[in-house]
Amino acid sequence: KGLALAADAQRHQHQVLAAALEYGGYGWRVLPLRDGKIPRVKAWQREASCEEGRICDWWEQWPDSNLGVKLGPDSGIVDVECDSPEAEQLLLRLFAGDPVITPTFQSSRGKHRLFRWRPDLPSPTKNGFKLGRLEVRTGNGDMGAQSVFPPSRHPSGINYAWLVHPSECPVADFTPAAFAALWNATPEDLLNESVGSSSIDPIERARKYIAKMPPAISGQGGHNMTFRVACVLILGFALSDQQAWPLDRNSGV
């Protein structure tokens, strides 16, 4: 039995290292974890890496590590966690009842879905935010954010496992309506199961959204950002062209 356990541990270590190298190939910044989910690397927010040599060095030094992935602009992904049926229903409502096809994995508590990071996500002081039972881990804050990824092993003995592997589909974007709902939702919306239908004036909500936007830099994606904002204003906040144009034009985006 002892030999079987040792063989299983060694096999799992190889699987974790292989996954770390694969994720690094996607451009995701990875890091080794101890005690389930604690980074082994100091200043991991800066040191998380997608470089093959560094990843191999880490797992040679700490072969029994779990695998973390840094979220946010460096990796280009955010983690939306649903740890209850209520959270699953809320996510479905965010996307107007359409199931989301994106890389998804199962943790000990619930499902994690990956979405593309974007600079105009809500940016509270922490590294993410909650919408009812739904947790959105953006990695935007100074503290950074990382999630434990498959095939890491939870202290309970359960392995994190992909339900939809990243090789099977691209990381999804937030639709304009879902993105606007992340900005719009209030406790009353959640109570009434009508995400994004706040009684606050939609133009005022749109102004608050634009006020949080980083200024676009000419020659560095400014036109794409302007188009993205326009889509959010019209499709997400349900503004007319006549309402959206003055806001977008005066935003500096």
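This write-up is about the structure you can find in this document. (Residues numbered from 1 in each chain as written. Predicted model: local features only at pLDDT ≥ 70, side-chain atom pairs only at ≥ 80, totals over all residues. Heavy atoms only, no water.)

Glancing now at the overall build of the protein. If you tally the helices and strands in the protein, you get 9 helices and 10 strands. Each of the 253 residues in the protein was classed as buried or not, and the buried ones make up 43%. If you take every contact in the protein between residues at least 6 apart in sequence, the share linking residues at least 24 apart comes to 70%. Summing over all exposed atoms, the protein offers an accessible surface of approximately 13,300 Å²; the carbon and sulfur share of this is 53%. (Helix = DSSP H or I, 4+ residues; strand = E, 2+ residues; numbered from the N terminus. Buried < 20%, exposed > 50% of the residue type's maximum accessible area, 1.4 Å probe, protein only. Contact = heavy atoms within 4.5 Å. Areas by Shrake-Rupley, 256 points an atom, 1.4 Å probe, with all protein chains shown as cover.)

Moving on, we come to the sheet that holds strand E7 (residues 128-131). Taken in spatial order, the 6 strands make up an open sheet running E7-E8-E4-E6-E5-E10, and their pairing is antiparallel. Each end of this open sheet is capped by a strand with a single partner; those strands are E7 and strand E10 (161-164). Neighbour to neighbour, the strand axes of the sheet diverge by 25° on average, direction disregarded. One ladder, built from 3 bridges, connects strand E5 (residues 104-106) with strand E6 (residues 111-116); its direction is antiparallel. Residue pairing across strands places Gln106 opposite Lys111, the latter belonging to E6. (Pairing = 2+ DSSP bridges. Axes fitted to C-alpha atoms, helices over the stretch in contact; angles between N-to-C directions.)

This brings us to helix H3 (residues 52-61). All of the buried residues in H3 are Ile55, Trp58 and Trp59. Along H3, the residues classed as buried sweep out an arc of 90° about the axis, all on the same side. Within H3, the exposed residues directed more than 90 degrees away from the buried face are Glu60 and Gln61. (Arc of directions from axis to C-beta.)

Quick look at the side chain of Arg113 now. Summarising the element assignment, Arg113 is placed in strand E6. With a relative accessible area of 10%, Arg113 lands in the buried category. When sequence neighbours within four positions are dropped, the list of residues in contact with Arg113 reads Val78, Asp79, Val80, Cys82, Glu88, Leu91, Thr102, Pro103 and Thr104.

Another aspect to go through is the environment of Asp83. By secondary structure assignment, the location of Asp83 is in the loop between strand E4 (77-82) and helix H4 (85-94). With residues near it in sequence (within four places) discarded, Asp83 still touches Arg109, Gly110 and Arg133.

All right, on to the sheet that holds strand E9 (residues 146-148) then. Pairing in this open sheet of 4 strands is antiparallel, and the strands run E2-E1-E3-E9 from one edge to the other. Each edge of the open sheet is held by one strand with a lone partner, namely strand E2 (38-39) and E9. Of the strand pairs in this sheet, strand E3 (residues 66-70) and E9 are connected by 3 bridges, and their pairing is antiparallel. Directly across from Gly68, in E9, lies its bridge partner Val148. Helix-sheet contacts for H3 involve strand E1 (30-34) and E3, and the interaxial angle to E1 is about 10°.

With that out of the way, let us pick up the pairing of strand E8 (residues 134-137). Across 4 bridges, E4 lies against E8 in antiparallel orientation. Following the sheet pairing, Asp79 is matched in E8 by Arg137. When E7 meets E8, the two strands line up antiparallel, connected through 4 bridges. By the bridge assignment for E8, Phe129 is matched with Val136. Taking the residues between adjacent antiparallel strands as the criterion, E7 and E8 are bridged by 2 residues, where Gly132 takes a positive phi near 65°.

With that out of the way, let us pick up unusual backbone geometry. The peptide bond linking Pro150 to Pro151 adopts the cis configuration, its omega dihedral lying at 0°. Checked against the element boundaries, Pro151 lands in the loop between E9 and E10. Although it is not a glycine, Asp35 sits at a positive phi angle of roughly 50°. Structurally, Asp35 is set in the loop between E1 and E2. Even without glycine at this site, Ala43 takes up a positive phi of about 50°. Relative to the elements of secondary structure, Ala43 occurs in the loop between E2 and helix H2 (44-47). When its relative accessible area of 32% is taken as the criterion, Ala43 is described as partly exposed.

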